[in-house]
Amino acid sequence: MKILFALASPILLSCQKQVAPGQLNAAKKEALVKTQSAAKAAETWETVLDNSSFDNYTAFEGAWNYLYPWGSDHNGTARMYGSTSDHNHIYLNGGTLTIKAARINWNEGNSSSDPYLPIRYHSGAVHAKAQVLINDQFPNWEVKGDFQAPSVGGSWPAFWLTAVNSWPPESDILEFKGNATNWQNTFRTPQDVSSILTNVSSPGNWHNYRVWITKVSATDVNIHYYIDGNWTGMHVANFVGKPMYIIINLQMEGSSGGNGPSGDTYYSAKNIYVGRTRAW
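Residues numbered from 1 in each chain as written. Predicted model: local features only at pLDDT ≥ 70, side-chain atom pairs only at ≥ 80, totals over all residues. Heavy atoms only, no water.

**Q** Can you help me understand the overall build of the chain in this one?
**A** Looking only at helices and strands, one finds two helices and 19 strands in the chain. Here the chain has a C-alpha radius of gyration of 18 Å; the compact-globule value for 280 residues is 19 Å, and the two agree. Seen through its principal axes, the chain has C-alpha atoms that stretch 55 × 45 × 35 Å. By residue count, 54% of the 280 residues in the chain fall in the buried class. Intrachain contacts of the chain at a sequence separation of at least 6 include 69% that bridge at least 24 residues. Summed over all atoms, the accessible surface of the chain reaches about 11,500 Å², with 50% contributed by carbon and sulfur. Between the mean site of the 20 positive side-chain charges and the mean site of the 21 negative ones, the chain shows a separation of 5 Å. (Helix = DSSP H or I, 4+ residues; strand = E, 2+ residues; numbered from the N terminus. Rg over C-alpha atoms; globule rule 2.2 N^0.38 Å. Buried < 20%, exposed > 50% of the residue type's maximum accessible area, 1.4 Å probe, protein only. Contact = heavy atoms within 4.5 Å. Areas by Shrake-Rupley, 256 points an atom, 1.4 Å probe, with all protein chains shown as cover. Lys, Arg positive; Asp, Glu negative; His and termini not counted. Charge placed at Lys NZ, Arg CZ, Asp CG, Glu CD.)

Structure (structure tokens):
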């Protein structure tokens, strides 16, 4: 969710340390599926966050925190609101989390985060209490969920992993920037970024977004990205031993353009799941 400027048209950008969809043949795809299925079937597989955390506020507040890990502001024009007593912008209904971004008509100053844009919306963000940490003890991770994402100009929804300590690492599982193109980005350094761009038919309908991360060396992981069960690509990144937050948020404008909607914008999530292999 860092602001990223790139030429839109290639399916993959910054093509170092990554594998494009066409470069993984059917046999390798089948082997990848079998490897992941075996890991999940093994006794060493454990669920970190099951898909019931949005069933009610007790379950939700036991598994998630309101706002970003660092507070209410980030790199767009929306300021996040939400608490145990404030569900105007973050609310649950029937196992679904909905985030609402609403335009404000008063001066609330600027965001406290770079690039310090003027606040023009109130919206919501949540982050899981569990964190992703790939290491010898937990070498495989799966993070996934179903989302109805806005794609109107000026909307900037995301489902992403980002550094607990110094940034990066970052892995964007879902990120739309005001159109139907989903960005799956891996930030190794602020300058070393790989991106997979996928056109999603009707992002406002339910789609599944998933990442499978596996440790491949003392420093590196393979990050496999998926949409609706289809493998979109793989990045290699030096994420071993670097804890990451899991965040769902609806930011506005910024990288998605400066002419955001005047009415309310909605972003919904359900069936969020996090699992991992435990080596000991």
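**Q** Can you walk me through the side chain of T77 in this structure?
**A** Mapped onto the secondary structure, T77 falls in the loop between β4 (64-66) and β5 (78-80). Sequence-distant contacts of T77, defined by excluding residues within four places in its chain, comprise L117, P118, I119, R120, Y121, Q251, M252 and E253.

**Q** Can you help me understand the environment of L49 in this one?
**A** In this fold, L49 is placed in strand β3 (residues 45-49). Residues L49 and R276, spaced 227 residues apart in sequence, show a C-alpha to C-alpha distance of 9.9 Å. In this structure L49 touches A63, W64, I272, Y273 and V274, once residues within four positions along its chain are discounted.

**Q** Just to check I follow, could you spell out the nonpolar core for this structure?
**A** When a protein is soluble and globular, its nonpolar side chains tend to lie buried together. Core analysis: the largest hydrophobic core is formed by 55 residues, its most contacted members being W64 and I248. The element best represented in this core is strand β18 (residues 244-252), accounting for seven residues. With residues up to four places along the chain from it excluded, the contact list for I248 reads F54, W64, I99, A125, V126, F147, A158, F159, Y267, A269 and I272. Within the second largest apolar cluster, nine residues are counted, among which are L24, A39, Y226 and M234. (Core = buried A, V, L, I, M, F, W, Y, C linked by side-chain atoms within 4.5 Å.)

**Q** Where do I start with helix α1 (residues 26-41) in this structure?
**A** Because each turn of an α-helix spans 3.6 residues, side chains separated by three or four positions end up pointing in the same direction. With 16 residues, α1 should reach 22 Å at 1.5 Å per residue; the first-to-last C-alpha distance of 22 Å fits that figure. Looking only at α1, the buried set comprises L32, Q36 and A39. Along the axis of α1, the buried residues cluster in a sector spanning 60°; they form a single face. In α1, those exposed residues whose orientation departs by more than 90 degrees from the buried face are A26, A27, K34 and A41. Contacts made by the buried residues of α1 are with β3, β15 (207-215), β16 (221-227), β17 (230-237) and β19 (265-277). (Expected span 1.5 Å × (residues − 1). Arc of directions from axis to C-beta.)

**Q** It is not clear to me how the environment of I248 should be interpreted in this structure. Could you clarify?
**A** Checked against the element boundaries, I248 lands in strand β18. On the basis of relative accessibility, which here comes to 1%, the residue I248 falls in the buried class. Along the chain, I248 and W156 lie 92 residues apart, while their C-alpha atoms are 11 Å from each other.

**Q** Looking at this structure, how should I read the side chain of Q137?
**A** Of note, Q137 is situated in the loop between β9 (125-128) and β10 (140-148). Here the side chain of Q137 touches W280 through a polar contact of 3.3 Å, landing on its backbone oxygen. When sequence neighbours within four positions are dropped, the list of residues in contact with Q137 reads T277, R278, A279 and W280. (Polar contact = N/O pair within 3.5 Å; in protein donor to acceptor, adjacent residues only side chain to side chain.)

**Q** Even after reading the chapter, I still don't get the pairing of β10, so can you show me in this structure?
**A** When a strand is regular, its side chains alternate between the sheet's two faces. Of all nine residues in β10, seven are buried, a share of seventy percent or more. Sheet topology places β10 next to β19; seven bridges connect them, and they run antiparallel. Counterpart to Q148 in the pairing with β19 is S268. (Pairing = 2+ DSSP bridges.)

**Q** Would you explain the environment of Q36 in this entry?
**A** Positionally, Q36 belongs in helix α1. For Q36, a relative accessible area of 5% puts it in the buried group. Considered as a pair, Q36 and N140 are 104 residues apart in the sequence and their alpha carbons are 8.8 Å apart. In this structure, Q36 is in contact with R210, W212, H224 and Y226, ignoring residues within four places of it in sequence. At 2.6 Å, the side chain of Q36 and the side chain of R210 are in polar contact.

**Q** What is the right way to look at unusual backbone geometry in this model?
**A** Trans is the common state for peptide bonds, and a negative phi is the common state for residues other than glycine. A cis geometry characterises the amide bond from D114 onward to P115, with omega recorded as 10°. The linkage connecting W167 with the following residue, P168, adopts the cis geometry, with an omega of -10°. Backbone geometry places D228, a non-glycine residue, at a positive phi of 55°. Along the chain, the position of D228 falls in the loop between β16 and β17. For E253, which is not glycine, the phi torsion reads 55° and is therefore positive.

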